[in-house]
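Working through the structure, step by step
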There are 2 protein chains.
Amino acid sequence: MSICEKYFPNEPEKPVVKTSSFPGPASQEGIKTLNKVFDSRPAYFITDYEKSVGNYIVDADGNAYLDVYAQIASIGLGYNNPALIEAAKSDKMIRAIVDRPALGNFPGTDTAEIIEDLLKAAPKGQDKVWSGLSGADANELAFKAAFMWYQGKKRGFNTPFTAEENESVMKNEQPGSPELAILSFKRAFHGRLFASGSTTCSKPIHKLDFPAFKWPKAEYPSYKYPLDKHVEENKKEDERCLKIVDEIFSTNNIPIAALLIEPIQSEGGDNHGSNEFFQGLRDLTLKHGALMIVDEVQTGVGATGKFWCHEHFNLSSPPDMVTFSKKFQSAGYYFHNPEIVPSTAYRQFSTWCGDPARMILAGAICQEVIKNDLPAKAQKVGSYLFSKLEALQAKYPKYLIDLRGKDRATFIAWSFDTGATRDQFLKDMKSVGINMGGCAETSVRLRPTLVFEEKHADIFVAAVEQVLSSYK
Amino acid sequence: MSICEKYFPNEPEKPVVKTSSFPGPASQEGIKTLNKVFDSRPAYFITDYEKSVGNYIVDADGNAYLDVYAQIASIGLGYNNPALIEAAKSDKMIRAIVDRPALGNFPGTDTAEIIEDLLKAAPKGQDKVWSGLSGADANELAFKAAFMWYQGKKRGFNTPFTAEENESVMKNEQPGSPELAILSFKRAFHGRLFASGSTTCSKPIHKLDFPAFKWPKAEYPSYKYPLDKHVEENKKEDERCLKIVDEIFSTNNIPIAALLIEPIQSEGGDNHGSNEFFQGLRDLTLKHGALMIVDEVQTGVGATGKFWCHEHFNLSSPPDMVTFSKKFQSAGYYFHNPEIVPSTAYRQFSTWCGDPARMILAGAICQEVIKNDLPAKAQKVGSYLFSKLEALQAKYPKYLIDLRGKDRATFIAWSFDTGATRDQFLKDMKSVGINMGGCAETSVRLRPTLVFEEKHADIFVAAVEQVLSSYK
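Residues numbered from 1 in each chain as written. Chains lettered and ligands numbered in written order. Predicted model: local features only at pLDDT ≥ 70, side-chain atom pairs only at ≥ 80, totals over all residues. Heavy atoms only, no water.

The next point concerns the nonpolar core. As a rule of thumb, soluble globular proteins bury nonpolar side chains together. Core analysis: the largest hydrophobic core is formed by 243 residues, its most contacted members being Phe328(A), Tyr334(A), Phe328(B) and Tyr334(B). By size, the runner-up hydrophobic cluster in this structure holds 35 residues, among which are Leu389(B), Ile459(B), Val461(B) and Val464(B). (Core = buried A, V, L, I, M, F, W, Y, C linked by side-chain atoms within 4.5 Å. Buried < 20%, exposed > 50% of the residue type's maximum accessible area, 1.4 Å probe, protein only.)

Have a look at this one:
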């Protein structure tokens, strides 16, 4: 029995399409009602979470879509997963919901155990964690850690603050509030608050009208596909991009405390970097005395075939911080260097310091992922799916451009010639019962659950062919 | 039967003190273990949430403290409240935990109802809500709304972005990423991310080593107490502070999109502003074409005798946005003006757009607060407590300086002559079974639950007297 069958004996055998418009009439009505009190314009449809199961998301009209988007890459174990329902019903969870602690001041008798559960999934080399509430929050908390570390290194980690620092910071002025930067990449997505937003660089709509920090952007490689036919060119692209990073570190007018990067730029188009590129970045951060923060918000928790995507890269030393959210359901950053613990209490702090309810769920997710070896299973089904898509690509080259994600399990994407064609394709996929999402201007990305199996891949590929064949 | 007796038949009759050191030996051990994986330096003690009940928080050593701090003002209905346990066990909650939706793209069939429940507690004049995850997040989301509104007003709300805006924003440069400011106040606390941190101005430790936006700070009134003996001086103080705000609006080198203020500055020392001061601010924001954002993160949900503290102020028109978190357990902002809905979808957006699990709990909390008329009950017990503290003040004037919060229910604070005395007092209160918290440098603040009753007030006042009498 497959893991999916074990979890979801009642998962539909195939999509069910009941309406001819998407969203269907009941969803349209629901979206209109919701819009009176909450901005519902981005809604794809109204979801019936009670009826959704495993890899299938069901809408208010009874359409059951095979879901390869999974709440923007956030549902790892399928809808209504029984192991998670059990965790949700536990006394520990109920207390975490009802008696939400201020975790910094009043940790519970179970807090160490909850954190230790999260550490069972820690990337190699990381043995501590700090918790937040979303991917943007996780990244900004990591920025704070990086800035404290950078200044601590300059001043001496145990050197007290000067009177001038204590006074100037209250006016948001130097030296207490220094000019420091995070170096990120063009096409990056790291969240949409103000500091994380200043590192995000994928679409204007995320940022327009907001003040931003004047932080620099390097270039993320743009490879030619298929990779095995463009080895030399792509190698040069790595070298070009690494050189730019080196130059920015040397010449930027604001000192750079940390480099921030996604192992695969997801929102920005599923752009990949080679192992060599990432190895080069790790070495450049060491050379220039900056931290390396790897943003695994979308790539983490198994979807690329390893629990953490950067574990593919064979870095010379582990990254300094790894941020997480989405499929983890809880958010925060892992780290290992004791210098990244702030010099005194209360420098990295907030009322809640994370949400134990979401941390308990994260622990349950990690346990299931590890116990069932889901990253390896994702790798297997991903290879199967990738070959099928390669075959389709040979047949419909115009609609399967730059197929990417080979050897990254189900973390697969491809492009269309225009945004209009991509948008039409996404719409048409709904009509054959597939819920999927785009990225960047002309691409689609697959972000299925970790219990997406070969039978689902077959349904998905047949649906793609059905749609594309209608375009011929 | 009182509401507390109804909820908590097993609440202890009085504090139980079992150890002679605080934290006790079991807490000390737990803090040490936790510190291996998580920064536990700020921990007061290790809490046994299973044994905590109503107004009593129990630690790992079996000490049962009367809790007038309540998870930094975040537990409204007492520990292990049966009404909230019921909500936590509901199918709706379990689904929200297990199938956490990306609420913007995939709202559920129950989302409108969940939001409508939140709106039942909306401040007068507010009929829409946007949801986030913490107080800092709520404030920053409100800043984003304010900046979009401000630029929309200049450009025309339906005017498309120019090519120059779309290009410059990707470099974090003007005009796409404009220089705009939020005006906040000295001694304010609005959170500790980068933009919220730039508006926070209560303690250097919150901000040291972090880059900040160069946003201006006005002056929050510093009144002389007792208020009824210093009417004229305090009126002049209001006028002085309003004049400063007016001048900053007129002369600040960066345009100000919104004024952000706490109805009572809490972390910054429980500083109060008069109704006239807040009325003046509302009028100044209207005069200068800026929004007024009221940060009710700590003051909201009944603790000042009204559901929202600013409802005491009789403003000429409702504030433009009201942010919430803490006792609400969910976070976000209320608003009413349709111009504050961004011009297009996806401008105010994130993966999760809030947490329905926490929103369901917020709905249950609101329902209990309204049904049991808890703000009025808090007002009554607060008046009782305030009189008792006034009597103590007459006896121990040196240790009860500037007693404040009259007519603000249990939202009461006072000051000591030095920080050292304050710290010693807080420590000594533990030894007589009271868990309480400080604010600013020399003050203590009372933040009990909404089910804190006269019998608890008696215990608290007796404990204060026991400690203070030992100082004589």
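After presenting the structure, the write-up continues.
Mapping chain A onto chain B calls for a screw motion: a turn of 180° about the axis and a shift of 0.0 Å along it, with 0.0 Å RMSD after fitting. What the superposition gives is, in effect, a two-fold axis relating one chain to the other. Residue by residue, 100% of the interface of chain A is reproduced at the interface of chain B, so both copies engage with the same surface. (Least-squares fit on C-alpha atoms with pLDDT ≥ 70 in both. Contact = heavy atoms within 4.5 Å.)

Let us look at the sheet that holds strand E2 (residues 64–67) of chain B. All names here are of chain B. Read from one edge of the open sheet, three strands run E1-E2-E14, paired in mixed fashion. Either end of the sheet is taken by a strand with one partner, and the two such strands are strand E1 (56–58) and strand E14 (434–435). Both E2 and E14 contribute to a ladder of two bridges, which runs parallel. Its bridge partner lying in E14, leucine 66 is registered against isoleucine 434. (Pairing = 2+ DSSP bridges. Helix = DSSP H or I, 4+ residues; strand = E, 2+ residues; numbered from the N terminus.)

It is worth spelling out helix H11 (residues 275–288) of chain B at this point. The end-to-end C-alpha separation of H11(B) is 20 Å, in line with the 20 Å expected for 14 residues at 1.5 Å each. Looking at the buried residues of H11(B), the elements they touch are strand E4 (181–185), helix H10 (231–251), strand E6 (256–261) and strand E9 (291–295) of chain B. (Expected span 1.5 Å × (residues − 1).)

A few words now on the domain arrangement of chain A. Residues and elements named next belong to chain A. Domain parsing of chain A yields domain 1 (3–43 + 52–81 + 374–470) and domain 2 (101–354). Computed from C-alpha atoms alone, the centre-to-centre distance between domain 1 and domain 2 is 30 Å. Each partner contributes residues to the interface: domain 1 has 28 residues there, and domain 2 has 25 residues. Taken over both partners, the interface formed by domain 1 and domain 2 buries close to 2,000 Å², and the fraction arising from carbon and sulfur atoms is 53%. (Domains from an automatic or database assignment. Buried area = accessible area lost by both parts, 1.4 Å probe.)

All told, the structure shown has 75 aromatic pairs over all chains when counted by the stated rule. Centroid distance Tyr49(A) to Tyr79(A): 6.3 Å. Interplanar angle 50°. Geometry classified as tilted. With Tyr49(A) in the loop between helix H2 (25–35) and strand E1 (56–58) and Tyr79(A) in the loop between helix H3 (70–73) and helix H4 (82–89), this residue pair connects regions lying 30 residues apart in the sequence. In this pair, the class of Tyr49(A) matches that of Tyr79(A), namely buried. Ring centres of Trp414(B) and Phe416(B) lie 6.4 Å apart, and the angle between their planes is 45°; this geometry places the pair in the tilted category. The buried category is assigned to Phe416(B), whose relative accessible area is 3%. By the ring-pair criterion, three or more aromatic residues cluster together here, those being Phe143(A), Phe147(A), Phe194(A), Phe210(A), Phe213(A), Trp215(A), Phe143(B), Phe147(B), Phe194(B), Phe210(B), Phe213(B) and Trp215(B). Lying across the ring of Tyr7(A), Lys6(A) places its NZ or CZ 5.3 Å from the centre. (Phe/Tyr/Trp six-rings, centres within 6.5 Å; stacked < 30°, edge-to-face > 60°. Lys NZ or Arg CZ within 6 Å of the ring centre and 35° of its normal.)

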